[in-house]
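# Residue-level structural notes
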Amino acid sequence: MLWKSIQMKLSKCFAGWEAKDSSALLLLRPWLTYLDRSDWENLIVRVILPKLIYMLSRDFRVNPKKQDIEPLEIFLDWV
């Protein structure tokens with residue numbers, strides 16, 4: 001029951017979050033210790049992953065002459 005309340009609050013916190021803002025990872029990383037794997041995965045899939053996918057689709061282009069890999073690095077930080 002407590003986790004559901006925390007999850008709702010975290011979801012609201014990240015409603016306006018942009019994937020390029022690394023604060024989400026810093027905020028959520030300590031919760032790894034307290035959450036079981038399924039709760040963590042559920043939070044990431046529902047709240048974080050859609051924004052990461054959107055950022056990649058919007059900002060990541062393969063361009064060997066002038067490659068910007070920052071969006072990919074941001075995505076990989078979550079792996």
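This is a predicted model, so every value here is computed, not measured.

### Some details on the side chain of serine 11
Take serine 11: it is sitting in helix H1 (residues 2-13). Given the relative accessible area of 17%, serine 11 is considered buried. Those residues within four positions of serine 11 in sequence are excluded, and the remaining contacts are Leu43, Arg46 and Val47.

### Some remarks on the packing of H1 against helix H3 (residues 37-59)
Two elements in contact, H1 and H3, have axes whose closest approach is 11 Å; the angle formed by their N-to-C orientations is 25°. By the angle class used here, H1 and H3 are roughly parallel. The handedness of the crossing between H1 and H3 comes out as right-handed. Counting all contacts with H1, which are made through Trp3, Gln7, Leu10 and Ser11, the residues of H3 involved are Asp39, Asn42, Leu43, Arg46 and Val47.

### Section: H1
An ideal rise of 1.5 Å per residue puts 16 Å on 12 residues; H1 measures up with 17 Å between its terminal C-alpha atoms. Among all positions of H1, only Trp3, Gln7, Leu10 and Ser11 are buried. Seen end-on, H1 carries its buried residues on one side only, within an arc spanning 100°. Residues of H1 that are exposed and point more than 90 degrees away from the buried face comprise Leu2, Met8, Lys9, Lys12 and Cys13.

Conventions and cut-offs
- Numbering of residues begins from 1 in every chain and follows the order in which that chain's sequence is written.
- Only residues with pLDDT of at least 70 are given local features in this predicted model, and only at 80 or more are side-chain atom pairs given and counted; all residues enter the totals for whole chains, interfaces and linings.
- Hydrogens and waters are ignored; side-chain quantities use all the structure's heavy atoms.
- Only DSSP runs of H or I covering at least 4 residues are called helices, and only runs of E covering at least 2 are called strands; the numbering of each starts at the N terminus.
- Type-normalised accessible area, obtained with a 1.4 Å probe on protein chains alone, sets the label of each residue: buried when under 20%, exposed when over 50%, and partly exposed for intermediate values.
- Here, two residues are considered to be in contact whenever any of their heavy atoms come within 4.5 Å of each other.
- The convention used is that axes are lines fitted to C-alpha atoms, helices contributing only their stretch in contact, and that angles between N-to-C directions extend from 0 to 180 degrees.
- Any angle from 65 to 115 degrees is called roughly perpendicular, while one under 35 is roughly parallel, one over 145 is roughly antiparallel, and all others are oblique.
- Throughout, a crossing is termed right-handed when the near helix is turned clockwise from the far one, and left-handed when it is turned anticlockwise from it by less than a right angle.
- Multiply 1.5 Å by the residue count of a helix minus one, and that product is the helix's expected span.
- By definition, the arc is the one covered by directions from the helix axis to the C-beta atoms.

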